[in-house]
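For reference, the chains in residue letters:
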Amino acid sequence: MELDRYGQLRPIGPASWLRDRNSGFSKICPFSPFALDENDLAAEYLPFAKHRHPLLGGYTGTFVGHVEEDDYRLSGSSGGMVTWVAAELLRRGLVDGVAHVKESNDPQTEGRLFRYSLSRTMSDLRAGAKSRYYPVELSDVLQIIRETPGRYAVVGIPCFIKAVRLACMREPVVRERIAFTLGLFCGHMKSARMAESFAWQMGEVIEQVKRFDYRMKAPERPANWYRAQLTLTNGKTRAKDWWHLADGDWGAGFFQNSACNFCDDVVAETADIAFGDAWKEPYSSDGRGTNVIIVRSQALLDILHAALDAKRIALDPVDADFVVATQAAGFRQRREGLAFRLTWPRLGIRPRKRVRAGSHDLTAQRRLIYIIRYGISFWSHRVFLAARLLHRPKLYISWASAALAFYHGVAYGRGLVGRLARRLCLTGSEGGT
């Protein structure tokens, strides 16, 4: 896999391989219409999940909370629970290593800011805390797992966990060695160009960036007030709030990977345990960060209960509706939005999804929102490439500002576009996208 001109990872290989309709590959690609879907995989790997929900999949328990001990909560993007659970698996000797995303040692030499790595110690593991909105891939760590006996945990977004499960179906050694999967709730994957765009808008170039923190934590600010910080090769830092960036509205779809338009899994339905941000009051205003958690493994549920009794973590049980409410915008995009997108004409391979094509219940505003998002996703890659080749950052930034204003006008009734949309009855109280 290599980064293409749009900053997205693409498979590389000889032309003969790319032309070959390889049946093995089609069975392990998470977006292949010939691969098992999330329901099939959950039935195979999570048969003891006690409850089932149409949006959350199978589950044994659902919680909201955070880590109390050490500085897990402070050093994570949210409540610190992802790193804590991975560390607890290491501490108990239940795994020998954890595959997760970490900063590249030398971004300029490696050509990327982040990559998957295998951590075998607590210090290495905790160095990988925080969210990374950057394209990565699993091939190197999966090869290490194939070659090195032991038990491993894998942390990943829904399509990555699905890919791991599909690989386990075809490779007994991988299935034997991957003992736990830790899923991350996902809105969509971004390209590497988002980091580059943020650097431009802070007056820097990506070649001078050594470290990138997408979500600086500030306890005195609401958790959903994202602030990005760059650390430069000369040691200086630059920081800016996402809402002051032309493409800083996540829901607008800037730099979204095209495959994400055809994903119907928000909460990593095939993972043993899955974590997200508790985007619901009073938690979203708590700058210290709070996780919402879906548990599908009895072993992991027992670990959480033991830690809760010891006051090492603070968790409250919640119902499925609470979890859905924390991810409401993502579910709209991945379910009703996907159903609408599946009605569009499409060349090539047709995706096979659990969502049925249809748009009869959508208002004109909702349809237009999904169309605008798709357009922003498509054109952001191309306009940025043009600006990059011409060495004119303002070309992209001006376009992104205009695209965002148009999107906000339709979605929230803001500005001149919002006034026009109201006259055409194309806007209303959106309350979340």
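Residues numbered from 1 in each chain as written. Predicted model: local features only at pLDDT ≥ 70, side-chain atom pairs only at ≥ 80, totals over all residues. Heavy atoms only, no water.

Visitor: Just to check I follow, could you spell out the nonpolar core for this structure?
Guide: As a rule of thumb, nonpolar side chains are buried together in soluble globular proteins. Ranked by size, the top nonpolar core spans 65 residues in total, and within it Phe212, Tyr214, Phe254 and Tyr396 carry the most contacts. Among the elements that make up this core, the one with the highest residue count is helix H16 (residues 393-412) (seven residues). Phe212 has contacts with Glu103, Leu113, Phe114, Ala195, Phe198, Ala228, Gln229 and Leu230, leaving out every residue within four places of it along the chain. In this structure, Val67, Val85, Leu89 and Ile273 belong to the second largest nonpolar core, which totals 29 residues. (Core = buried A, V, L, I, M, F, W, Y, C linked by side-chain atoms within 4.5 Å. Buried < 20%, exposed > 50% of the residue type's maximum accessible area, 1.4 Å probe, protein only. Helix = DSSP H or I, 4+ residues; strand = E, 2+ residues; numbered from the N terminus. Contact = heavy atoms within 4.5 Å.)

Visitor: What is the right way to read helix H9 (residues 158-170) from this model?
Guide: Residue pairs spaced three or four apart in an α-helix point in one direction, given the helix's 3.6 residues per turn. Spanning 13 residues, H9 covers 19 Å between terminal C-alpha atoms, matching the ideal 18 Å at 1.5 Å per step. When you tally the buried positions in H9, you get 10 out of 13 residues, the bulk of the element. Regarding H9, the residues found buried are Pro158, Cys159, Phe160, Ile161, Lys162, Val164, Arg165, Leu166, Ala167 and Cys168. (Expected span 1.5 Å × (residues − 1).)

Visitor: What should I look at first to understand the packing of helix H11 (residues 193-201) against helix H15 (residues 364-390) in this one?
Guide: For any two helices packed against each other, the geometry is given by the interaxial angle and the distance between the axes. The geometry of H11 relative to H15 is characterised by a closest axis approach of 11 Å and an angle of 55° between their N-to-C directions. By the angle between their directions, the pair H11 and H15 is classed as oblique. Crossing hand, H11 versus H15: left-handed. Residues Arg193, Glu196, Ser197 and Trp200 of H11 form the contact with H15, whose own contacting residues are Phe384, Ala387 and Arg388. (Axes fitted to C-alpha atoms, helices over the stretch in contact; angles between N-to-C directions. Parallel < 35°, antiparallel > 145°, perpendicular 65-115°, else oblique. Left-handed = near helix turned anticlockwise from the far one by under 90°.)

Visitor: I tried to follow the pattern of salt bridges on my own but got confused; where do I start?
Guide: Any two side chains of opposite charge can pair, given that their charged atoms come close. All told, the structure shown has 26 salt bridges when counted by the stated rule. Between Arg335 and Glu269 there is a salt bridge whose closest N-O contact spans 3.3 Å. A residue pair is termed long-range when its members are at least 10 positions apart, and Arg335 in helix H14 (residues 328-341) and Glu269 in the loop between strand S12 (237-241) and strand S13 (273-277) qualify at 66 residues. In this structure Arg335 comes out as buried when scored by relative accessible area, which is 17%. Under the relative-accessibility criterion, Glu269 is labelled buried at 2%. Among the ionic contacts, a cluster of salt bridges with common partners joins Glu38, Lys162, Asp264, Glu269, Arg335 and Arg354. (Salt bridge = Lys/Arg side-chain N within 4 Å of Asp/Glu carboxyl O.)

In short, geometric facts, not functional conclusions.
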